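Observations on chain architecture
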Amino acid sequence: MESDFTVGRTARPGVGGVVPRPGLFEVLQTSARVAVVSAPAGAGKTVLLRSWISEAGLEGRVAWVSVSPDERDPQQFWPAVLGALRQTVPGAALVRELTAAPDLDGWAVVERLLKDLAPLDNPVWLVIDDVHELGSVDIQRQLELLAMRAPPELRFVLATRHDVRLGLHRLRLEGELTEIRPADLRFSLAEARELFAVAGIELAEPALVMLHERTEGWAAGLRLAALSLTGHPDPARFAAEFSGSERTVAEYLLAEVLERQSPEVRRLLLRTSVLERVSGPLADALTGGAGGERVLQELEAANAFVVSLDAARSWFRYHHLFAGLLQLELRRTAPEEVDALHRAAARWFADHGHPVEAVRHAQAARDWASAARLLADHWPGLHLDGQAATVHALLAGFPAEARAADSELAVLAAADELAAGSLEEAERLLGLATGRTASVPVTRRSRLGVLVSMVRLMLARQRMDLPAVAAEAKALRVVADAPDTAPLGLSGDLRALTLITRGIAEYWGARLAEAEPHLEHGIALARRIGRPYLEFLGLAHCTSIASVRSSPYALAEERARQTIELARRHGWTDEPAVGIAYISLAAGLIWRRQHEEAGEWVRRAERTLRAEAEPMTAMAIRYVRALLELARGRDQEVLATFQAAERLSRLLDAPDWPLMRTRALRLHALVRLGETGRAEQDIAEISEQDRDSGEIRMAVAALRIARDDPHAATVALAPVLSGAARVPPTTWLAHAYLLESTARDALGDPTAAGHAMRRALETAASDGALTAFLFHPPTQQLFDRYAPDGSEQATLVGEIRSLLPAEPGPKGFGATEPPRSADPPWLVDPLTQSEIRVLRYLPTNLSAPEIARELFVSVTTVRTHLRHLFIKLGAHRRTEAVAVARALGLLAASPDAHIRGAHSPTALDAPTSTGK
């Protein structure tokens, strides 16, 4: 019986403190002939059934029988069943009284009961609670007979801690069995919130979420937490520390679960409690016994707080609170065994191909040397599989002195710093590692050489030092093929890594002709050797190459979707590289004027931004954001996007060409705004080499047309149209021809103007690039003059004509499409929800530790978010970050922004003191 631990809320008069569960009530009310409610102790089975009976108004139609351990024989059970049935309104008239007797025959009782109930013409429910206590096989068979042959009006509801053998599989096949399992009884977050509210306990949402996760919705756990929270001075701290070792929880689980197990099973549970997941062979390794898998499967089947993790029921975990209790008991009864168990687990995981768990258990045993060796041995594979975040977490598990003393850990820490964009610190750590090579055992020096070469290659790529990338790639291949490192089996992996790394560096270095074959070969090799993360990286950058070199866009879009699918399959949808695929899709949609869908892909790309680690990808994402805003007619947003890109470029010392492409969009926006003087000033500040680029030349041509100098426009466009100044993608070439047509018309050369318009239409036709005609749209008259309806691009002509403005715009052009005020606001560099929560506290005078307490996070987390905020906002101080955020509309412009106090953040939607 578990009524002592059911939860409280009054559903209706007569039901004492029950959280209503209408979904489960409906299941019970409409259940088949037999309903089984099977769940562990404290799951709320009994209270669910009692509250359902009251809610449904079934008093007088329900016979309730609770089985206790001393009522296991037919002589006690069947009189109780008949007595309960006689208390119902229909049963009182039909069921004959039965007196308990030592020689009572259960089979005869069932036959008599079936005869008594044959005339039953109104529904009656027989509820049997704690069916698992029916130890007699005879009673189980007799109950099965009654369930199979009873009249349809007699319904059975069986509540049990684990399944009992009643032959119910036949009813399941016939659709006559309804089952309510632990997952169904688990409290939702909303139900947990209701439970605490009726108990008079106010919990901040983060604390509530934490308790719900810790208890996994277990009713007894939530109720015990509520009891312990009554009058507690610090509910948030209680929630953070709540576990199976909490006194009331531990007492309950000990009495109801652990102490009911045999000594052998208790030993297995305690010794495997150090594990986050356990299998039969692993359990045997830690207990020194056999049959661990059978024991775990039986415990899972018995709802004994053991959860299966796979369909084959070979891996299991313990309920969070049960695991906490087991660990407490292990520390209490055998504290000297804990480290040895962790070491044994580390060996087993390492031997069976689970390096991450092996490292974690070696760290738990404080065996730092073994943990470092394991991590260094497996780091190449983890890195090549895209598990940088996992490595970061493992490195954080070492004490500072261990990291400082171990050369191999220093190299891995350098790679970790690179992933965070800290190039100088990475170089310093590499220097430390290579300077201490003599202290590394001779047998491990070759492996250290591989690690150093891999990280040097990564460093050269992030520095965009193409000669160094080529040199380090060559050096790494030599190291990988050396006699003492060849047995490591990394030759194919490292060759794929060097090919793809070179290709990425060459792509960002604008050497596309060299990048493409390196990437293609690297992708093919990665597929052959089974390295999907390397394939993903290569495919993402090949997608970008296709988007600027191929026409139509179909190839780029196909590769982008392949990249996205690969990322989805492996859980890499937040990796910066997938952002390249997102913006490749967005670009094609922008040119086709499908702004809504394009905007969604751009937003997805912005969510992957890690500007400090991948500045070139961040610049590319900003470029496509600016392109989208230009296509939408939002010229001020184009200017703001360029400012953000410029700040990032200056902060990260990125190459000039990505910023130059965004600068060209800024020039177009200035021309459309009529700010030709500012545009001229911008052009004067551009280097002569950059002024020769195709993008800048087109912007200059637009400016010259706007300033009534069409001849200068044709001069600027000549290298673009001849191919001497390439413009990626080729859809930009359609815009160049349109500008040429406008300029030639102004010069009074209709033949050249008509030829240029036809070329513009031909170039745009393959991609349906409507947008090429709308950045600086021609007047209706000019377009009608040179784009006749009978042309081969009649459909495209008709679409363009329908979009051209009737009113004239800046000199020489039609009016651009006005921005739509209904569109949602955008962020130049979107912040994560966590960063936004921290940002809202910046106008206050709260320190980082104070903000951390307000948000229920660590000080380290707050400082990490602050660092990211400063980078994204281009600020160096807190006051600068607040000013930029206000300018972008991320914070309210309030004159009271700097009021002191823990509860005075003046940002929009400022959080409460509970951190909501």
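Residues numbered from 1 in each chain as written. Predicted model: local features only at pLDDT ≥ 70, side-chain atom pairs only at ≥ 80, totals over all residues. Heavy atoms only, no water.

**A few points about the overall build of the protein**
Under the convention used in this document: Helical segments are the DSSP runs of H or I of at least four residues, strand segments are the runs of E of at least two, and each set is numbered from the N terminus. Each residue's exposure class comes from its accessible area (1.4 Å probe, protein chains only) as a fraction of the maximum for that residue type: buried when under 20%, exposed when over 50%, partly exposed otherwise. Two residues form a contact once any of their heavy atoms are found within 4.5 Å. Each accessible area value is a Shrake-Rupley result obtained with a 1.4 Å probe; residue values ignore everything except the protein chains displayed when judging cover.
Scanning the protein for helices and strands turns up 47 helices and 8 strands. The buried share of the protein, reckoned over its 916 residues, is 54%. A sequence separation of at least 24 residues applies to 68% of the contacts in the protein between residues at least 6 apart. Taken as a whole, the protein presents about 38500 Å² of accessible surface, with 51% of it coming from carbon and sulfur.

**Focus on the sheet that holds strand 3 (residues 124-129)**
Note the cut-off: Strand pairing is assigned whenever DSSP detects at least two bridges linking the two strands. Comment: axis = line fitted to C-alpha atoms, over the contacting stretch for helices; angle = value between 0 and 180 degrees taken between N-to-C directions.
Spatially, 5 strands are ordered 2-3-4-1-5 in an open sheet, and the strand pairing comes out parallel. At either end of the open sheet lies a strand with only one pairing partner, and these are strand 2 (62-66) and strand 5 (177-180). Between one strand axis and the next, the sheet turns through 15 degrees on average, direction left out of account. As paired strands, strand 1 (residues 34-38) and strand 5 are joined by 4 bridges and run parallel to one another. Note that in strand 5 the partner of Val-36 across the bridge is Glu-179. Helix 6 (residues 137-149) contacts strand 1, strand 3 and strand 4 (154-160) of the sheet and is inclined by roughly 145 degrees relative to strand 4.

**Concerning the nonpolar core**
Basically, it comes down to this: The definition of a nonpolar core used throughout is a set of buried Ala, Val, Leu, Ile, Met, Phe, Trp, Tyr and Cys residues joined through side-chain atoms within 4.5 Å.
The biggest cluster of nonpolar side chains holds 229 residues, and the ones touching the most others in it are Phe-196, Leu-253, Tyr-318 and Phe-773. Setting aside anything within four residues of it in sequence, one finds Leu-253 in contact with Trp-218, Leu-258, Phe-305, Leu-321, Phe-322 and Leu-325.

**Considerations on the pattern of salt bridges**
The test is simple: When a carboxyl oxygen of Asp or Glu lies within 4 Å of a side-chain nitrogen of Lys or Arg, that pair is called a salt bridge.
Throughout the structure, instances matching the rule amount to 54 salt bridges. Across the pair Arg-444 and Asp-377 runs a salt bridge whose closest N-O atoms are separated by 2.7 Å. One end of the pair, Arg-444, is in helix 25 (residues 442-462); the other, Asp-377, is in helix 20 (residues 368-384), and 67 residues separate them in sequence. Arg-444 sits in the buried class, given a relative accessible area of 14%. Among the residues examined, Asp-377 registers a relative accessible area of 26% and is labelled partly exposed.

**Notes on helix 16 (residues 292-301)**
To keep things clear, this is the line we draw: It is the directions from the helix axis to the C-beta atoms that the arc portrays.
Within helix 16, the full set of buried residues consists of Gly-292, Val-295, Leu-296 and Leu-299. Looking straight down helix 16, one finds that the buried residues subtend no more than 95 degrees of arc, so they occupy a single side. On its buried face, helix 16 sits against helix 14 (263-271), strand 6 (278-279), helix 15 (280-287), strand 7 (306-308) and strand 8 (315-318). One or two steps after helix 16, the chain reaches Asn-303, where phi turns positive at roughly 55 degrees.

**Some remarks on the sheet that holds strand 8**
Backbone-to-backbone hydrogen bonds pair the strands of a sheet. The strands run either parallel or antiparallel. Strand order across the open sheet formed by 3 strands is 6-8-7, with antiparallel pairing between neighbours. Each edge of the open sheet carries a strand with a single partner, namely strand 6 and strand 7. The pairing of strand 7 with strand 8 spans 3 bridges and is classified as antiparallel. Looking at strand 8, one finds that Val-307 is bridged to Arg-317. Those strands touched by helix 16 are strand 6, strand 7 and strand 8, and its axis lies near 100 degrees from that of strand 7.

**What about the confidence of the model for the protein?**
What counts is decided by this rule: On a scale of 0 to 100, pLDDT captures the predictor's confidence in every residue.
The pLDDT averaged across the protein works out to 84; a share of 89% of its residues lies at or above 70. With pLDDT under 50 throughout, residues 818-828 is counted as low confidence; its partners more than four residues away or in other chains account for 25 contacts.

**Things to note about unusual backbone geometry**
Here Phe-305, not a glycine, exhibits a phi torsion of approximately 60 degrees, which is positive. Position of Phe-305 relative to the elements: it lies in the loop between helix 16 and strand 7. Its identity as a non-glycine residue notwithstanding, Met-464 has a phi of 60 degrees, on the positive side. As for its placement among the helices and strands, Met-464 is situated in the loop between helix 25 and helix 26 (466-481).

**Details of helix 20**
We count it as follows: A helix's residues, less one, multiplied by 1.5 Å, set its expected span. Note that bend, as reported per residue, equals the angle between axes fitted to the 7 residues terminating at that residue and the 7 residues originating from it.
Taking 1.5 Å as the rise per residue, helix 20 with 17 residues should run 24 Å; its terminal C-alpha atoms sit 24 Å apart, in good agreement. A bend of about 50 degrees at His-378 is the largest found in helix 20, and the proline Pro-380 appears one to four places after it. The complete set of buried residues in helix 20 reads Ser-370, Ala-371, Ala-372, Leu-374, Leu-375, Ala-376, Trp-379, Pro-380, Leu-382 and Leu-384. Gly-386 occupies a position one or two residues after helix 20 and carries a positive phi of about 75 degrees.

**With respect to the packing of aromatic side chains**
Applied cut-off: Only centres within 6.5 Å qualify two rings of Phe, Tyr or Trp (six-membered ring in Trp) as a pair; their planes then separate them into stacked at under 30 degrees, edge-to-face at over 60, and tilted for everything else. By definition here, charges over rings are those cases where NZ of Lys or CZ of Arg is within 6 Å of the ring centre and within 35 degrees of the ring normal.
In this structure the tally under the stated criterion is 20 aromatic pairs. With 5.0 Å between their ring centres and 75 degrees between their planes, Tyr-533 and Trp-572 make a pair best called edge-to-face. Of this pair, Tyr-533 sits in helix 29 (residues 532-549) while Trp-572 is found in the loop between helix 30 (554-570) and helix 31 (576-591), placing the two residues 39 residues apart along the sequence. Across the pair, Trp-572 and Tyr-533 agree in class, each one buried. Through a chain of ring-to-ring contacts, three or more aromatic side chains come together here, namely Trp-218, Tyr-252, Phe-305, Tyr-318 and Phe-322. Sitting above the plane of the Trp-315 ring, Arg-277 keeps its charged end 4.0 Å from the centroid. Looking at Arg-661, its charged tip hangs above the ring of Tyr-623, at a distance of 4.1 Å from the centre.

**Looking at the environment of His-354**
With respect to the helices and strands, His-354 occurs in the loop between helix 18 (338-351) and helix 19 (355-364). Taking the relative accessible area as the measure of exposure, His-354 reaches 23% and is therefore partly exposed. As a C-alpha pair, His-354 and His-378 span 24 residues in sequence and 9.7 Å in three-dimensional space. Once residues within four sequence positions are removed from consideration, His-354 is found in contact with Arg-277, Trp-315, Trp-348 and Phe-349.

**Overview of the environment of Pro-728**
Among the secondary structure elements, Pro-728 is positioned in the loop between helix 39 (710-722) and helix 40 (731-746). Spatially, the C-alpha atom of Pro-728 lies 9.9 Å from that of Ala-546, the residues being 182 residues apart in sequence. Setting aside anything within four residues of it in sequence, one finds Pro-728 in contact with Val-548, Arg-661 and Glu-695.

**What to know about the environment of Glu-216**
By the element assignment, Glu-216 lies in the loop between helix 10 (205-215) and helix 11 (219-229). In this structure, the C-alpha to C-alpha distance between Glu-216 and His-320, residues 104 residues apart in sequence, is 7.5 Å. Not counting residues up to four positions away in its chain, the partners in contact with Glu-216 are Arg-186, Arg-317, His-319 and His-320.

**Section: the side chain of Ser-547**
Condition: Polar contacts, as used here, are pairs of N or O atoms within 3.5 Å; protein pairs need one atom able to donate a hydrogen and one able to accept it. Residues neighboring in sequence count only if both atoms are side-chain atoms.
Within the fold, Ser-547 resides in helix 29. The exposure class of Ser-547 is buried, given its relative accessible area of 8%. Polar side-chain contacts of Ser-547 include one of 2.6 Å to the backbone oxygen of Ser-544. Those residues in contact with Ser-547 that sit more than four places away from it in its chain are Tyr-553, Ala-556, Ser-584 and Pro-729.

**Structural notes on the side chain of His-342**
Position of His-342 among the secondary structure elements: in helix 18. Classification of His-342 as buried rests on a relative accessible area of 11%. Ignoring anything within four residues of it in the chain, the contact list for His-342 reads Val-274, His-361, Ala-364 and Ala-365.

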